[in-house]
Protein chains: 2
Amino acid sequence: MALIVAKFGGTSVASPERINGVADRLIRLREEGNQVVAVVSAMGKTTDDLLALAAAVNDAPPARELDRLLSTGEQISMTLLALALEQKGYKSISYTGRQAGIQTNGIHNKAKIVKIHNERIERALDAGFIPVVAGFQGIDENGDMTTLGRGGSDTTAVAVAWGIGADVCEIYSDVDGVYTTDPRIAPRAKKLESVSYDEMLELSSAGSGVLQMRAVEFAKKWNVKIHARSAFSDAAGTIIREETPMEQAVITGIAHDTSEMKVTIRHVPDTTGVAAKVFTALSENMVNMDMIIQNTSLDGATDISFTCPEADLARAVSAIESVLPEIGASGWDVDEDIAKVSLVGTGMKSSPGVSATAFRTMSENDINILAISTSPIRLSMVIEADEVARAVQVLHTAFELDSDSIFEETQLSAEEIAAKMEKGR
Amino acid sequence: MALIVAKFGGTSVASPERINGVADRLIRLREEGNQVVAVVSAMGKTTDDLLALAAAVNDAPPARELDRLLSTGEQISMTLLALALEQKGYKSISYTGRQAGIQTNGIHNKAKIVKIHNERIERALDAGFIPVVAGFQGIDENGDMTTLGRGGSDTTAVAVAWGIGADVCEIYSDVDGVYTTDPRIAPRAKKLESVSYDEMLELSSAGSGVLQMRAVEFAKKWNVKIHARSAFSDAAGTIIREETPMEQAVITGIAHDTSEMKVTIRHVPDTTGVAAKVFTALSENMVNMDMIIQNTSLDGATDISFTCPEADLARAVSAIESVLPEIGASGWDVDEDIAKVSLVGTGMKSSPGVSATAFRTMSENDINILAISTSPIRLSMVIEADEVARAVQVLHTAFELDSDSIFEETQLSAEEIAAKMEKGR
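As the structure is a computational prediction, the values presented were derived from the model and not from experiment.

Undergrad: How do you make sense of the pattern of salt bridges when you look at a structure like this?
TA: Residues and elements named next belong to chain A. Applying the stated criterion across every chain yields a total of 40 salt bridges over all chains. With a closest N to O distance of 3.9 Å, Asp176 and Lys191 form a salt bridge. In this pair, Asp176 is assigned in the loop between β9 (168-173) and β10 (194-196) and Lys191 in the loop between β9 and β10, connecting sequence segments 15 residues apart. Judged by its relative accessible area of 31%, Lys191 is partly exposed.

Undergrad: Would you explain the environment of B:Glu119 in this entry?
TA: If you trace the backbone, B:Glu119 turns up in helix α4 (residues 119-126). Expressed as a C-alpha distance, the spacing of B:Glu119 and B:Gly101, which sit 18 residues apart in the sequence, is 7.8 Å.

Undergrad: Mind showing me how you'd approach the packing of aromatic side chains here?
TA: Think of a pair of aromatic rings as described by two things: how far the centres are apart, and how the planes are tilted against each other in angle. Residue and element names in this part refer to chain A. Within the structure shown, the criterion is met by 7 aromatic pairs over all chains. Aromatic side chains Phe8 and Tyr172 sit 4.6 Å apart centroid to centroid with 10° between the ring planes, which places their arrangement in the stacked category. Pair noted here: Phe8 is in strand β1 (residues 3-8) and Tyr172 is in strand β9, with a separation of 164 residues, a long-range link. What makes Phe8 buried here is its relative accessible area of 0%.

Undergrad: Help me out: how do you make sense of unusual backbone geometry in this one?
TA: Unusually for a residue other than glycine, A:Asp366 sits at a positive phi of about 55°. Mapped onto the elements of the fold, A:Asp366 is located in the loop between α10 (354-364) and β19 (371-375). Judged by its relative accessible area of 64%, A:Asp366 falls in the exposed class. Although it is not a glycine, B:His267 adopts a positive phi angle of roughly 55°.

Undergrad: So what exactly am I meant to see when it comes to empty space enclosed by the protein here?
TA: Per the counting criterion, the structure on display carries 3 cavities of 30 Å³ or more. Empty space within the largest cavity amounts to approximately 80 Å³. In terms of lining, the largest cavity is formed by A:Arg68, A:Thr96, A:Arg98, A:Met145, B:Arg68, B:Gln75, B:Thr96, B:Arg98, B:Ile139 and B:Met145. Residues belonging to the lining of the largest cavity are distributed by class as follows: 3 nonpolar, 3 polar and 4 charged.

Undergrad: Is there a simple way to explain the packing of helix α5 (residues 152-164) of chain B against helix α7 (residues 213-222) of chain B in this structure?
TA: A packed helix pair is summarised by two numbers, namely the angle formed by the two axes and the spacing between the axes. All names here are of chain B. Running from N to C, α5 and α7 point in directions that differ by 15°, and their axes come no closer than 8 Å. The angle between α5 and α7 places the two elements in the roughly parallel class. The two elements α5 and α7 meet at a crossing, and its hand is right-handed. When α5 is examined against α7, the residues Asp154, Thr155, Val158, Ala159 and Trp162 are found in contact with a partner set consisting of Arg214, Ala215, Phe218, Ala219 and Trp222. Tallied by class, residues from the contact of α5 with α7 come to 7 nonpolar, 1 polar and 2 charged.

Undergrad: Would you take a moment to explain the pairing of β19(A) for this structure?
TA: The side chains of a regular strand alternate, residue by residue, between the two faces of the sheet. Residues and elements named next belong to chain A. On β19, burial follows the alternation: Ala371, Ser373 and Ser375 on one face are buried, whereas Ile372 and Thr374 on the facing-out side are not. With 5 bridges connecting them, β19 and strand β20 (residues 378-384) associate as antiparallel partners. The residue of β20 that forms the bridge with Thr374 is Leu379. Counting the residues that bridge the hairpin from β19 to β20 gives 2 residues.

Undergrad: How should I be thinking about helix α9 (residues 313-327) of chain B in this particular structure?
TA: Turn by turn, an α-helix covers 3.6 residues, leaving residues three or four places apart pointing in a common direction. Residue and element names in this part refer to chain B. In this model, α9 (15 residues) spans 20 Å end to end at C-alpha, consistent with the 21 Å of a helix rising 1.5 Å per residue. Here the buried face of α9 lies against β14 (260-269), α8 (274-284), β16 (301-309) and β17 (331-335). The first or second residue beyond α9 is Gly328, which carries a positive phi of 75°.

Analysis parameters
- Residues numbered from 1 in each chain as written.
- Chains lettered and ligands numbered in written order.
- Predicted model: local features only at pLDDT ≥ 70, side-chain atom pairs only at ≥ 80, totals over all residues.
- Heavy atoms only, no water.
- Salt bridge = Lys/Arg side-chain N within 4 Å of Asp/Glu carboxyl O.
- Helix = DSSP H or I, 4+ residues; strand = E, 2+ residues; numbered from the N terminus.
- Buried < 20%, exposed > 50% of the residue type's maximum accessible area, 1.4 Å probe, protein only.
- Phe/Tyr/Trp six-rings, centres within 6.5 Å; stacked < 30°, edge-to-face > 60°.
- 1 Å grid on protein atoms, 1.4 Å probe; cavity = no way out; pocket = protein on both sides within 12 Å on 5 of 7 lines; lining within 4 Å.
- Points joined across faces, edges and corners; volume = space filled by probe spheres on them.
- Nonpolar A, V, L, I, M, F, W, Y, C, P; charged D, E, K, R; others polar.
- Axes fitted to C-alpha atoms, helices over the stretch in contact; angles between N-to-C directions.
- Parallel < 35°, antiparallel > 145°, perpendicular 65-115°, else oblique.
- Left-handed = near helix turned anticlockwise from the far one by under 90°.
- Contact = heavy atoms within 4.5 Å.
- Pairing = 2+ DSSP bridges.
- Expected span 1.5 Å × (residues − 1).

Rendered as structure tokens:
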């Protein structure tokens, strides 16, 4: 018998039928002898619909009102799940972020959890209820609803799991675990039995969409074991936890990300303080720079390139335009057709030669590396976007990650595979 | 300069465009020098949509969960109205029932307001905001959301008006005031400048849908002046307040109601306690009996008839079937094709002869009266449903209520007239 927090994303609760499916799974967990608390996201496209309504009356909606508006989405799905459980003969009770005791700071739209009071959840469990908690939301000290930003429901689940001392936080989604790489582009990808928090963080930041980084950070900090698994099958998924002392592969997984762009500022005078001016302006405009590349200086001028999310384009343009006259650069351009491929593994720390193998593999396959960055457990390479699938495949083979058999998604329907392409929150 | 609470029903906030219209009206009230607090219902059909979702997962949804689910409707409309006001350059802030300090008892789905703490609203007004309050909802002592039942948003508005000591509670809807009778069936109906609380209560209970009875009861109890007016025109509506000492017409208005049915139990033995058994069973089954008619006894048996809302049919059937064997009646039948026409006026108290005039008018026009009931300021008659329009017209003329000109709805569009047929909450 275990105490389990089970979180279900928007795709899993997108219709009354799917909500019934989630209820059945919770009941199965209960009948297997576990105590269980559910955490839910808003149904399917609810959040987008609410955002569209807000945009129809206000082109820059104030954050407090927007938070209250968006938080209704999870309140709808949580009550429907509680109603479905009751219909099936199980006592259930739903709790908003406030009622679940999720206290946050007052930073609307991306609040941070500062305290958790889980008494109501614990009392409900003791009384034999299956509590259902609204993900993504909390309450600040003014009593105003705050939302936790992207990945907020995963964070809620991990926070509740920590608060009630759950044995595991199961995160159900349309993906059935963490793979050595994206099975859609590398058919020989393998599902990982477990990864460490640090590896998962690097994989998430490098573009793997299975879990939101903040939730993994929270889980790491408070040592909450996560089980990432499929909402549509009973197969075990991937456990995310502290590093295990077992022998490890050098590389655990390969992530890729095509959502970044490369900006190049041409012919920047190579004098002190110029680069600082550029990057200060970018920071002040909230552009999330990832890699920075400065070419060798030719005739006293150089090209400065950096990568950042494509979503930051407008802010990047405004930052660059503001400093361009001052620094005397000749111009700038943007290349959105780039991709980042990242090798991740704690085994890298004790295995020199990872970069040598990586670069040799890329070179043998005529894939041009535009930029490189590293962390102790990650090596990222920027390449042309149309090379990304081939790069992932050859690296996957080179680092001996290939499975014996071609990956087959026997447990997912066509609709569910299509759903995998969507991003929940 | 006045302090005004302005309540807008579901039709008035049914789309972003209409929400913008509501915002414009609030701004006009502000620019005329008033302080203003808005109270809103859920957008258009939101409540019905939420009920359909609940019904899809539970055929008898527990009240606590249903309340939470339904309360999201008003939270969506309130934030959108606040966003629309902000967009137009006015500071606005939205409050849930909890934040507006509407404390209720714990009777889910039809909670009663027990306390009001309006500090947040008052502080917001002082700081120059236009506060927007979610109608229909409050919070019980467990911190659970409760809804106030049908007419709940009107009740919220009156309660807030009382709480902050507003000069008037303006209730905007798709009807532009209280008429001497329904203008759709009596073209010579006149809009009333004012009616007393008691008259309004009798008119509401007799089928006039302009205001919900509970809100009028609350307003009477706490002496809150209501102004019932159109959301789609600037014309003054009807003031509902304490009786004025002015000379009054004998009859203020004529209401009609076709939502009742007549049930007749045939050949009931005329012995002590039989009628009591029938009516006890009906009460215990929550059948809201209106009028009761017992015919003269023939050969020791009689027919007992009563009227009640058609919505109570299933419960009435089950009550009657449970006592039928015991009382030895021969059977029963239901007539849904009846209507109730009610004359209402505080002037009745000091004017004998109202019933004589009414009965003579009906008789002269060959309209058969099936049952009669009275209060000090009301005379109701049950007739065949297909006579109702003619009955209203001839009574309207007989009691000298006819306007000089045929009623013309120049201020309403075709769409708005269609919307008048809908019922909000």
